[in-house]
Each structure stands twice: as structure tokens, then as C-alpha cells.
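Each chain is listed here by its residues.
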Amino acid sequence: TYTIAEPCVDVLDKACIEECPVDCIYEGGRMLYIHPDECVDCGACEPVCPVEAIFYEDDVPDEWVEYTKANADFFDEI
Ligand code: SF4
């Protein structure tokens, strides 16, 4: 799955939402989140993010790895 990290916080550009073919990017609080079970790993959202907040799960920078869990947890709490 792809994941959204810290650069999205308080930005919420939403260009990614327009690109996602399965509509699995959701707005929540101060950032956007990708539903890990709905994402089909197409990669379409990654290049359109103006702040480069989106990463494939294996490529999330070390300082932001907790965002992978934060994305998943966001949907557990709904
Ligand atoms: Fe949507 Fe594709 Fe991005 Fe997953 S990788 S969130 S399916 S645009």
C-alpha cells in the first residue's frame, strides 16, 4: 500500500484524490489518509503530490515510518 506522511499535515492539497482510480484517499483532521486495504498500489497519486508526502510502504523515510501505522489506524477508528 501507499502511505501519506508528514508533509501533508496542514497542506491537504488533494491533487492525489483526483488521481486515485479507486477513491481510497480520505480527508481526516489535519491530513489525508490512504486506506491500506483499498489501495491498489497503482502509484498514480505519488507524482501529483506537490509536497511529496506520498510513498510506497517500503520507501517511507525512516523519520516518517509511524505514518504508515497512522494511515491504517485512522480507518480502524472510524
Ligand atoms: Fe489510490 Fe493508486 Fe495512490 Fe493507492 S497508489 S492511493 S490506489 S492513487
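Residue indices begin from 1 for each chain and proceed along its sequence in written order. Only residues with pLDDT of 70 or above have their local features reported here, since the model is predicted, and side-chain atom pairs are shown and tallied only from 80 upward, although totals for entire chains, interfaces and linings are computed over all residues.

Caption draft 1: Region of interest: the overall build of the protein chain. Helix and strand assignments come from DSSP, with helices taken as H or I runs of at least 4 residues and strands as E runs of at least 2, each series counted from the N terminus. Secondary structure summary: the protein chain contains two helices and four strands in total. Element order for the protein chain, N to C, with α for helix and β for strand: β-α-β-β-β-α. Reported as C-alpha extents along the three principal axes, the dimensions of the protein chain are approximately 25 × 25 × 25 Å. Across the protein chain, the fraction of contacts at a sequence separation of at least 24, relative to all contacts at a separation of at least 6, is 68%. Working definition of a contact: two residues with C-beta atoms, positioned from the backbone, lying within 7 Å.

Caption draft 2: Just the environment of T68, in detail. Position of T68 relative to the elements: it lies in helix 2 (residues 66-76). A tally of 20 C-beta atoms within 10 Å means that T68 is categorised as buried. Between the alpha carbons of T68 and D58 there is a distance of 9.8 Å; along the sequence they are 10 residues apart. Setting aside residues no more than four positions away along its own chain, T68 makes contact with T3, E57 and V60. In this scheme the burial state of a residue depends on its C-beta neighbours within 10 Å: 20 or more other such atoms mean buried, 12 or fewer mean exposed, and anything in between means partly exposed; the C-beta positions come from the backbone.

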